[in-house]
Amino acid sequence: MSTSSGSPRPQEPAYLRKVLFAVELLDAVTLSRVSQGLKVVAEGLRGTPIVNAGGLFVWLDEDVRRLKKITIDPGTLPYESVELAADELTLPLTTTELTLPLTTIELPPRVDYTFAAGMTGLRGALIEERALPPRRPVPVTDAAVRLRWLDEDGVTWRDAPTRSHTMRGGSFAAIVRLAATDAPQLDAAGALTIQLRARRGAMGERRSAELKLPQGRIADPETYAQGPGALTFAWDELQL
């Protein structure tokens, strides 16, 4: 996920003329800035990014028209790889801009992310269809998945801000990061009503049946009260 914004404070014009643009990487769970342990590449540019004192990845001035895309390799960090095309970034429109062109990118968590107490979400898997032994289910990889939750009005569905992707084996981690003003509908046990939304390119988007998700916890297949199979989603069972 990415958002764009200007620099929070004025920059010296002489400095800005040397900087082409900047990228801010945030942990999508904690919203803390991440600047170490990743490899960030701007395909098409000659220069490599410099991490400034504030933890931003900045590229020095060159022909921005050569830029094709930005790729982020998390290495051993528990985040997904991210790729953004040039037209998804905030880039300079002129050579005399007095605000730093800044793109903020949230790094979705992988299934091996260590979630702190208080975060709501689930670890699950997406497969093509359920199979009886000895057949093994076929995993769906590289599908975009996100959760949505039912508002307190009992009618409106709200999309969680973080979109994750299925990894090898179809596994994924999806979170519901609630803002202070969000008011989900809670049952007597304090659980949210959620659905999973999954998108597969030209195959479009589908949604799961409703599930109950304990607030402030990450549900795992082994411990989920509705049974381990409830967090394995079959594409052919999802609704259009």
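Predicted, not measured: the structure shown is a model, and the values here were computed from it.

Rules of the game
Sequence order sets the numbering: in each chain, residues are counted from 1 along the sequence as written. Given that this is a predicted model, residues contribute local features only at a pLDDT of at least 70 and side-chain atom pairs are listed and counted only at 80 or more, while totals for whole chains, interfaces and linings are drawn from all residues. The basis for every side-chain value is the complete set of heavy atoms in the structure, and neither hydrogens nor water enter the calculation. Only protein chains enter the accessibility calculation, which uses a 1.4 Å probe. A residue is then buried if its area is under 20% of the maximum for its type, exposed if over 50%, and partly exposed in between. Numbering of helices and strands runs from the N terminus, with a helix taken as a DSSP run of H or I at least four residues long and a strand as a DSSP run of E at least two residues long. Should DSSP find at least two bridges between two strands, the strands are regarded as paired. In plain words, nonpolar cores are sets of buried Ala, Val, Leu, Ile, Met, Phe, Trp, Tyr and Cys residues tied together by side-chain atoms within 4.5 Å. Note on contacts: a residue pair is in contact if any heavy atoms of the two residues lie within 4.5 Å. Only one rule defines a salt bridge in this text: a Lys or Arg side-chain nitrogen within 4 Å of an Asp or Glu carboxyl oxygen. In this analysis an axis means a line fitted to C-alpha atoms, helices contributing only their contacting stretch, and an angle means the value between N-to-C directions, from 0 to 180 degrees. Ring pairs are drawn from Phe, Tyr and Trp, using the six-membered ring of Trp, whenever the two centres fall within 6.5 Å, and their geometry is named by plane angle: stacked under 30 degrees, edge-to-face over 60, tilted for the rest. Throughout this description, the term charge over a ring refers to an Arg CZ or Lys NZ atom that lies within 6 Å of the ring centre and within 35 degrees of the ring normal.

Caption draft 1: Main features of the pairing of strand S9 (residues 120-127). Among the eight residues of S9, eight are classified as buried, and the element is accordingly described as predominantly covered. Going residue by residue along S9, you find Thr120, Leu122, Gly124 and Leu126 tucked away on one face and Gly121, Arg123, Ala125 and Ile127 tucked away on the opposite face as well. Strand direction decides the pairing type here: S9 and strand S13 (residues 171-176), joined by six bridges, are antiparallel. Bridge assignment links Thr120 to a residue of S13, and that residue is Val176. In this sheet, strand S18 (residues 232-234) lies alongside S9 in parallel orientation, the contact comprising three bridges. From the neighbouring strand, Ile127 faces S18, where its bridge partner is Ala234.

Caption draft 2: Structural context of the nonpolar core. Ranked by size, the top nonpolar core spans 29 residues in total, and within it Leu25, Trp59, Ile70 and Ile72 carry the most contacts. If near-sequence neighbours (up to four positions away) are discounted, Trp59 is found in contact with Lys18, Val19, Leu20, Phe21, Val23, Val40, Ala42, Leu45, Gly47, Thr48, Pro49 and Ile70. Within the second largest apolar cluster, 22 residues are counted, among which are Leu122, Val140, Ala143 and Leu213.

Caption draft 3: Up close: the pattern of salt bridges. Under the counting rule described, the total for this entry stands at 14 salt bridges. As a salt-bridge pair, Glu106 and Arg177 come within 3.0 Å of each other at their nearest N and O atoms. Of this pair, Glu106 sits in strand S8 (residues 102-107) while Arg177 sits in the loop between S13 and strand S14 (191-199), placing them 71 residues apart in sequence. A salt bridge links Asp220 to Arg123, with the nearest nitrogen and oxygen atoms 3.0 Å apart. Residue Asp220 is located in the loop between strand S17 (218-219) and S18, and its partner Arg123 is located in strand S9; the two are separated by 97 residues in the primary sequence.

Caption draft 4: Seen up close, the sheet that holds strand S7 (residues 82-85). Read from one edge to the other, the open sheet built from three strands follows the order S3-S6-S7, with strand pairing classed as antiparallel. Strand pairing shows two members of the sheet lacking a second neighbour, strand S3 (39-43) and S7, which therefore form its edges. Adjacent strand axes in the sheet meet at a mean angle of 10°, parallel and antiparallel pairs treated alike.

Caption draft 5: The arrangement of the packing of aromatic side chains in detail. Taken as a whole and judged by the stated rule, the model has four aromatic pairs. Between Tyr79 and Tyr113 the ring centres are 6.1 Å apart and the planes differ by 55°, which places this aromatic pair in the tilted class. Of this pair, Tyr79 sits in the loop between strand S6 (69-73) and S7 while Tyr113 sits in the loop between S8 and S9, and the two are 34 residues apart along the sequence. Residue Tyr79 shares its accessibility class with Tyr113, and that shared class is buried. On the basis of an interplanar angle of 45° and a centroid distance of 4.7 Å, the ring pair of Tyr113 and Phe115 is categorised as tilted. You'll find Tyr113 and Phe115 in the same group, each marked buried. By the ring-pair criterion, three or more aromatic residues cluster together here, those being Tyr79, Tyr113 and Phe115. Across from the ring centre of Trp235, 5.0 Å away, lies the NZ or CZ of Arg200, which sits over that ring.

By themselves these figures say nothing about function.
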